[in-house]
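Each chain, written out:
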Amino acid sequence: MTEEILEKSLREFDYSMFSKVKESLLKELLKRQRQNNLKNFKSFAQQLAEEKICDEELDFVVAAGNSNRNENFKKNI
């Protein structure tokens, strides 16, 4: 085996299978990821409340009107 082939083989080899800390590191990283996900979790209602509505969508809402408003108006007459 030439020196270049040996060097390439050693570079490409996965040494992590011999690591004694691999599992503990993985568990720690997963634990931190779960904690971050819980901190950043937003309910669907919160996500909807934060969404922005564009002017065109707002125009459609205004044009659609409110059917309850018409019923309330008729009751007051």
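Just above, that's the structure.
Parameters at a glance
Residues numbered from 1 in each chain as written. Predicted model: local features only at pLDDT ≥ 70, side-chain atom pairs only at ≥ 80, totals over all residues. Heavy atoms only, no water. Patch = residues over 30% accessible without salt bridge, like charges linked within 9 Å, V, L, I, M, F, W, Y side chains within 5 Å. Areas by Shrake-Rupley, 256 points an atom, 1.4 Å probe, with all protein chains shown as cover. Salt bridge = Lys/Arg side-chain N within 4 Å of Asp/Glu carboxyl O. Helix = DSSP H or I, 4+ residues; strand = E, 2+ residues; numbered from the N terminus. Buried < 20%, exposed > 50% of the residue type's maximum accessible area, 1.4 Å probe, protein only. Phe/Tyr/Trp six-rings, centres within 6.5 Å; stacked < 30°, edge-to-face > 60°.

Structural notes on a nonpolar patch on the surface
On the surface, Leu6, Leu10, Phe13, Tyr15, Met17 and Phe18 cluster together into a nonpolar patch covering about 650 Å² of accessible area. Assignment of secondary structure puts leucine 6 in helix H1 (residues 3-12). In this structure leucine 6 comes out as partly exposed when scored by relative accessible area, which is 41%.

Concerning the packing of aromatic side chains
All chains considered together, the criterion is met by two aromatic pairs. Taken together, a centroid distance of 4.8 Å and an interplanar angle of 70° make the contact between phenylalanine 13 and tyrosine 15 edge-to-face. For tyrosine 15, a relative accessible area of 47% puts it in the partly exposed group. Aromatic pair phenylalanine 13 and phenylalanine 18: ring centres 6.0 Å apart, planes at 20°, arrangement stacked.

Quick look at the pattern of salt bridges
By the definition in use, this model includes two salt bridges. Where glutamate 7 meets arginine 11, a salt bridge forms, and the shortest distance between an N and an O atom there is 3.3 Å. Taken as a pair, glutamate 7 and arginine 11 lie in helix H1 at a separation of four residues, close to a single helical turn. In this structure glutamate 7 comes out as partly exposed when scored by relative accessible area, which is 45%. Since its relative accessible area comes to 59%, arginine 11 is described here as exposed. Glutamate 28 is the salt-bridge partner of arginine 32, the closest N and O atoms lying 3.0 Å from each other.

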